[in-house]
Amino acid sequence: MYNTSIALTVTTLFAVLLTTVIGLSESAGAQGSSAETKRSESPFACNRLALTPEQRKRHFDELGPKLRSLKKSVRELPNGYEFEFSPDSKTVQLVTEWAVGERACCPFFDINMRLEREGGSLWLALTGREGVKQFIHADGAAWIRQ
């Protein structure tokens, strides 16, 4: 009887602890999402200081011009633009390197890379919240020219 009582007590304590942990976790999740909504959004401006001088030179003077020359087409999207590239491994590497740098200096972009099946194109999409498309149009005019 003593062992049964201890087992029931331990089981009850475990159930209470588990319920408390789950409740705290859900509460933190709810607070996190409200804090996330209150988080300030970065301005529509390129933060060139997010990159070292060497990274800036590579990103703006080498990668950007190279990728614009490799761009096959541009698609206008409701909230940004999508750029088509050849899916060869060298271009995929260049686009990936550019996307990492762009994410650092322009954190307001949603950056998506997509490789189509059956050897189809590589697509780089720059989208985001309201105003991103206008930013691309103004600051990235060379990218959207056909």
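Relevant structure appears above.
Figured I'd write up the structure that's included with this text. Source: prediction; values computed, not measured.

So, how was this worked out
- Residues numbered from 1 in each chain as written.
- Predicted model: local features only at pLDDT ≥ 70, side-chain atom pairs only at ≥ 80, totals over all residues.
- Heavy atoms only, no water.
- Helix = DSSP H or I, 4+ residues; strand = E, 2+ residues; numbered from the N terminus.
- Buried < 20%, exposed > 50% of the residue type's maximum accessible area, 1.4 Å probe, protein only.
- Contact = heavy atoms within 4.5 Å.
- Areas by Shrake-Rupley, 256 points an atom, 1.4 Å probe, with all protein chains shown as cover.
- Salt bridge = Lys/Arg side-chain N within 4 Å of Asp/Glu carboxyl O.
- Pairing = 2+ DSSP bridges.
- Axes fitted to C-alpha atoms, helices over the stretch in contact; angles between N-to-C directions.
- Arc of directions from axis to C-beta.
- Lys, Arg positive; Asp, Glu negative; His and termini not counted.
- Polar contact = N/O pair within 3.5 Å; in protein donor to acceptor, adjacent residues only side chain to side chain.
- Core = buried A, V, L, I, M, F, W, Y, C linked by side-chain atoms within 4.5 Å.

A short note on the overall build of the chain
Step number 1: A count of helices and strands for the chain gives five helices and four strands.
Step number 2: Start at the N end of the chain and walk to the C end: the helices and strands fall as α-α-β-β-α-β-β-α-α.
Step number 3: Expressed as a percentage of the 146 residues in the chain, the buried residues total 29%.
Step number 4: In the chain, the proportion of contacts linking residues at least 24 apart, taken out of those at least 6 apart, comes to 64%.
Step number 5: In the structure as shown, the chain presents an accessible area of about 9,900 Å², 56% of it carried by carbon and sulfur atoms.

Side note on the pattern of salt bridges
Close approach of charged atoms allows side chains of opposite charge to pair.
Step number 1: Under the criterion given, the structure shown has eight salt bridges.
Step number 2: The shortest N-O distance in the salt bridge between Arg58 and Glu62 comes to 3.1 Å. With Arg58 and Glu62 both in helix α2 (residues 53–70) and four residues apart, this pair spans about one turn of that helix.
Step number 3: Note on Arg58: relative accessible area 28%, which makes it partly exposed.
Step number 4: Via salt bridges that share partners, Lys57, Arg58, Glu62 and Glu97 belong to a single interconnected network.

Looking at the environment of Arg103
Step number 1: With respect to the element layout, Arg103 can be found in helix α3 (residues 89–105).
Step number 2: Along the backbone, Arg103 and Ala50 are 53 residues apart, and their C-alpha atoms lie at a distance of 9.5 Å.

Description of the sheet that holds strand β4 (residues 122–128)
Step number 1: Spatially, the four strands line up as an open sheet ordered β1-β2-β4-β3, and their pairing is antiparallel. Lying at the two open borders of the sheet, with one neighbouring strand each, are β1 (73–77) and β3 (109–115). Averaged over all pairs of adjacent strands, the angle between their axes in this sheet comes to 20°, without regard to strand direction.
Step number 2: Relative to strand β2 (residues 80–85), β1 runs antiparallel, the two sharing five bridges. Counterpart to Glu76 in the pairing with β2 is Tyr81.
Step number 3: With respect to the sheet, helix α4 (residues 132–139) is in contact with β1, β2, β3 and β4, its orientation differing from that of β2 by roughly 60°.

Focus on α4
Step number 1: Taken residue by residue, α4 has Val132, Lys133, Phe135 and Ile136 as its buried positions. Down the axis of α4, the buried set is contained in an arc of 160°. They therefore lie on one face. In α4, those exposed residues whose orientation departs by more than 90 degrees from the buried face are Gln134 and Ala138.
Step number 2: For α4, the elements touching its buried residues are β1, β2, β3, β4 and α5 (141–144).

A look at the side chain of Lys71
Step number 1: Residue placement: Lys71 occurs in the loop between α2 and β1.
Step number 2: In this structure Lys71 is buried but unpaired, with Glu84 as the nearest side chain of opposite charge at 11 Å.
Step number 3: Within polar-contact distance, the side chain of Lys71 engages the backbone oxygen of Arg145 at 2.7 Å.
Step number 4: Here Lys71 is in contact with Phe83, Glu84, Phe85, Ala142, Trp143, Ile144 and Arg145, once residues within four sequence places are set aside.

Some thoughts on the nonpolar core
Nonpolar side chains in soluble globular proteins generally cluster together in the buried interior.
Step number 1: Among the nonpolar cores identified, the biggest contains 23 residues, and Leu67, Phe83, Phe85, Trp98, Phe109 and Ile136 are the most heavily contacted of them.
Step number 2: When residues of this core are traced back to their parent elements, those giving at least two are α2, β2, α3, β4, α4 and α5.
Step number 3: The element that contributes the greatest number of residues to this core is α3, accounting for five residues.
Step number 4: Beyond its immediate chain neighbours, meaning those up to four positions away, Ile136 contacts Gly80, Tyr81, Phe109, Leu126, Ala141 and Ile144.

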